[in-house]
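# Structural features, examined
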Amino acid sequence: EAEVAQSPRYKITEKSQAVAFWCDPISGHATLYWYRQILGQGPELLVQFQDESVVDDSQLPKDRFSAERLKGVDSTLKIQPAELGDSAMYLCASSQMVLASPGAGELFFGEGSRLTVL
Amino acid sequence: AQSVSQHNHHVILSEAASLELGCNYSYGGTVNLFWYVQYPGQHLQLLLKYFSGDPLVKGIKGFEAEFIKSKFSFNLRKPSVQWSDTAEYFCAVNPNNFNKFYFGSGTKLNVKP
């Protein structure tokens, strides 16, 4: 079964350092999402891509967070500098909206990248 | 503000007990509705979904959910839970097919053997 790949699974860093997370969505999925999940809360959207274009980054703290999906396939989420409050699980998900396709209209999640900022 | 509400944050049941988890949303118009489950140490995975048609939808592992449009609700049910159902359950809404998904805060279910 096709999966969304994410790395690293775990990242421990000190505040003010830079961190980066990578995501490879399911092949053929045009829409890619980065979510942040703080312990005890549901996933919150950080950024959404349609192919290589950002369609929603309204909740992305742009002073320190950046995201790209240069070729419309895999994506990188970067935090620089990291702050204590950034400790969370960073989830990547992908979807396709082609009707009548298996799994159309639902989100497929990766394992997530757990960030701890010390 | 538009939102997805899950009122039960933590539920503890004994095996064979019945389960109902509440989900309410405040988005108007057409919505697609989902329940996702996250088992300990695993990624979020789809339990069931509603797009249209019969408001009672059946998912994997004996779960079902009922869409009640007038109540803006999509409650999850299972007649008899098992220890292996211990997990965190998230309700999600995709309003107006705009390719955006909004999640509730989740409900942790602990099933005692």
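What this report covers is the structure whose coordinates are included nearby. (Residues numbered from 1 in each chain as written. Chains lettered and ligands numbered in written order. Predicted model: local features only at pLDDT ≥ 70, side-chain atom pairs only at ≥ 80, totals over all residues. Heavy atoms only, no water.)

A separate point is the side chain of Asn-94 of chain B. All names here are of chain B. Among the secondary structure elements, Asn-94 is positioned in strand β10 (residues 87-95). Asn-94 sits in the buried class, given a relative accessible area of 0%. At a separation of 2.9 Å, a polar atom in the side chain of Asn-94 contacts the main-chain carbonyl oxygen of Lys-100. Sequence-distant contacts of Asn-94, that is, excluding residues within four places in its chain, are made with Thr-30, Val-31, Asn-32, Phe-34, Asn-99, Lys-100 and Phe-101. (Helix = DSSP H or I, 4+ residues; strand = E, 2+ residues; numbered from the N terminus. Buried < 20%, exposed > 50% of the residue type's maximum accessible area, 1.4 Å probe, protein only. Polar contact = N/O pair within 3.5 Å; in protein donor to acceptor, adjacent residues only side chain to side chain. Contact = heavy atoms within 4.5 Å.)

Enumeration over the complete set of coordinates arrives at 10 salt bridges over all chains. In this structure, Glu-83 of chain A engages Arg-64 of chain A in a salt bridge whose closest nitrogen and oxygen atoms are separated by 3.3 Å. Here the residue Glu-83 of chain A occupies a position in the loop between β8 (75-79) and β9 (88-95), and Arg-64 of chain A occupies one in the loop between β6 (53-56) and β7 (65-68), the gap between them amounting to 19 residues. Note that Arg-77 of chain B and Glu-64 of chain B form a salt bridge whose closest N and O atoms lie 3.5 Å from each other. Residue Arg-77 of chain B is located in strand β9 (residues 73-78), and its partner Glu-64 of chain B is located in strand β8 (residues 64-68); the two are separated by 13 residues in the primary sequence. Note on Glu-64 of chain B: relative accessible area 17%, which makes it buried. Taken together, the salt bridges that share partners define one network made up of Lys-58, Glu-64, Glu-66 and Arg-77 of chain B. (Salt bridge = Lys/Arg side-chain N within 4 Å of Asp/Glu carboxyl O.)

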